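# Inside the fold
Given next are the chains, with one letter for each unit.
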Amino acid sequence: MSTTPTADALHAELQALVPQHIELINESISHAGYFEGKESHFKLTIVSDAFEGKRLVGRHQLIYGLVTPLLTSQGGQVHALAIHAYTPTEWQGQSPASPLCAGQNK
C-alpha cells in the first residue's frame, strides 16, 4: 500500500466498505511527468461483501461515492483510479497487471 497523504486518505475512506482485502498502489512513477511524491495514478484492488449482487458499474459507483471528494479536491491531483472490485467468492488472489502508459517516457 502507498504511504502518501492522498493514498492514505483514499484508504481511510474505503474502510467504509469493510474490505476483506485492500491494496492501493501509487502507479504514478510509471507515467509521464512523474516527480518524487506525485500522486496522480492509483490502482485499487478491493474485496468486500458490499459488492454482492452489484454489477461492475454499481461497484465503481459505490467506490466513487466514497472517494470523489478526494479526487476533485486539491486541484484534482488524482488523474486516474483503476478499480478492481471483487466479492469474496470472486477473489482469486490477484488483480490484472496495469497496462503501460501511452505517454510514458521510454
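Residues numbered from 1 in each chain as written. Predicted model: local features only at pLDDT ≥ 70, side-chain atom pairs only at ≥ 80, totals over all residues. Heavy atoms only, no water.

Across all of its chains, the model carries one salt bridge by this definition. A salt bridge links E90 to R59; the nearest nitrogen and oxygen atoms lie 2.7 Å apart. Placement of E90 in the segment after β3 (80-86) and of R59 in helix α2 (residues 56-72) is noted, with a sequence separation of 31 residues between them. Judged by relative accessible area, which is 34%, E90 ranks as partly exposed. (Salt bridge = Lys/Arg side-chain N within 4 Å of Asp/Glu carboxyl O. Helix = DSSP H or I, 4+ residues; strand = E, 2+ residues; numbered from the N terminus. Buried < 20%, exposed > 50% of the residue type's maximum accessible area, 1.4 Å probe, protein only.)

This paragraph deals with helix α1 (residues 5-14). For α1, the full list of buried residues reads T6, A7, L10, H11 and L14. For α1, the arc enclosing every buried residue in end-on projection is 135°, short of the 170-degree limit, so these residues lie on one face. (Arc of directions from axis to C-beta.)

Let us look at the nonpolar core. Core analysis: the biggest nonpolar cluster contains 16 residues, and I46 and I63 have the highest contact counts within it. Sorting the residues of this core by element identifies α1, β2 (41-47), α2 and β3 as the ones contributing at least two each. (Core = buried A, V, L, I, M, F, W, Y, C linked by side-chain atoms within 4.5 Å.)

Another aspect to go through is the sheet that holds β2. Spatially, the three strands line up as an open sheet ordered β1-β2-β3, and their pairing is mixed. The sheet terminates laterally at β1 (21-26) and β3, the two strands that pair on one side only. Geometrically, the sheet is characterised by an average inter-axis angle of 10° between neighbouring strands, direction not taken into account. As defined by bridge partners, β1 adjoins β2 across six bridges and the pair is classed as antiparallel. Bridged to H21 within β2 is V47. (Pairing = 2+ DSSP bridges. Axes fitted to C-alpha atoms, helices over the stretch in contact; angles between N-to-C directions.)

Tallied over the entire structure, the rule returns one aromatic pair. Taking the centre distance of 5.2 Å and the plane angle of 50° together, the rings of Y86 and W91 count as tilted. (Phe/Tyr/Trp six-rings, centres within 6.5 Å; stacked < 30°, edge-to-face > 60°.)

Tracing the backbone through its elements, the reader meets K43 in strand β2. Among the polar contacts listed, one links the side chain of K43 to the backbone oxygen of P96, at a separation of 2.5 Å. Setting aside residues no more than four positions away along its own chain, K43 makes contact with E23, L24, I25, E27, A82, H84, S95, P96, A97 and S98. (Polar contact = N/O pair within 3.5 Å; in protein donor to acceptor, adjacent residues only side chain to side chain. Contact = heavy atoms within 4.5 Å.)

In short, geometric facts, not functional conclusions.
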